Amino acid sequence: QVQLVESGGGLVQPGGSLRLSCAASGFTFGSCSMAWVRQAPGKGLEWVADIDGGGGREYYADSVKGRFTISRDNAKNTLYLQMNSLKPEDTAVYYCKWVGVDYWGQGTQVTVSS
């Protein structure tokens, strides 16, 4: 069955960095566009970034452009999100998602606070 398992979240100070990972299994990962989506406390879902199967096309929300980088390693069936210059407003649960299909990971908490 399809599994998406996120890791790498935690508590970081403003200006710090974190790298999220999403281990995928149960489908042909390298053929699928993947995304990171987040949900801040008391707010709705926000599409953060996505990447096509080959890694040649990326999209970023304006709120993270220039600070976050999405990438993937198809040999390892793993999706990444490098987050730099983190701000308190980046605090959220971050989910890995298979684009166009209703499969989500369990999420990983990112808290940016001093």
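Being a predicted model, the structure only gives us computed values, none of them experimental.

### Quick word on the side chain of Ser21
Position of Ser21 relative to the elements: it lies in strand β3 (residues 18-25). Exposure remark for Ser21: the relative accessible area of 19% places this residue in the buried category. Apart from residues no more than four positions distant in its own chain, Ser21 is found in contact with Val5, Glu6, Ser7, Trp36, Thr78, Leu79 and Tyr80.

### Examining the state of the cysteines
Tallied over the entire structure, the rule returns 1 disulfide. Disulfide pairing places Cys22 opposite Cys96 at an S-S distance of 2.1 Å. Between Cys22 and Cys96, the S-S dihedral sits near -70 degrees, and the bridge is therefore left-handed. Of the two residues, Cys22 is situated in strand β3 and Cys96 in strand β9 (residues 92-98); the sequence distance between them amounts to 74 residues. Cys96 provides the cysteine sulfur closest to Cys32, a residue in no disulfide bond, and the two sulfurs are 11 Å apart. Judged by its relative accessible area of 9%, Cys32 falls in the buried class.

### Quick word on the pattern of salt bridges
One pass over the structure, following the stated rule, counts 5 salt bridges. Put simply, Arg38 and Asp90 hold a salt bridge, and the shortest N to O gap is 2.9 Å. With a gap of 52 residues between them, Arg38 in strand β4 (residues 34-39) and Asp90 in the loop between β8 (78-83) and β9 connect regions that are remote in the sequence. Arg38 gets classed as buried once you look at its relative accessible area, which sits at 5%. For Arg67, the salt bridge goes to Asp90, with nearest N and O atoms at 2.7 Å. Residue Arg67 is found in the loop between β6 (58-60) and β7 (68-73), and its partner Asp90 is found in the loop between β8 and β9; the two are separated by 23 residues along the sequence. Taking the relative accessible area as the measure of exposure, Arg67 reaches 11% and is therefore buried. Put simply, Arg38, Glu46, Arg67 and Asp90 are held in one network by salt bridges that share partners.

Conventions we followed
- Residue indices follow the written sequence of each chain, beginning from 1 at its first position.
- Restriction of local features to residues with pLDDT of at least 70 applies here, the model being predicted, together with a cutoff of 80 or more for giving and counting side-chain atom pairs; totals for whole chains, interfaces and linings are based on all residues.
- Calculation of side-chain values draws on the structure's entire complement of heavy atoms; hydrogens and water are dropped beforehand.
- Helix and strand definitions follow DSSP, with helices as H or I runs of at least four residues and strands as E runs of at least two, each counted in order from the N terminus.
- Think of it in three bands: residues with accessible area under 20% of the maximum for their type are buried, residues over 50% are exposed, and the middle band is partly exposed, with areas taken using a 1.4 Å probe on protein chains only.
- Here, residues are in contact when the closest pair of their heavy atoms is within 4.5 Å.
- Criterion for a disulfide: a pair of cysteine sulfur atoms at a distance within 2.5 Å.
- Any carboxyl oxygen of Asp or Glu within 4 Å of a side-chain nitrogen of Lys or Arg constitutes a salt bridge here.

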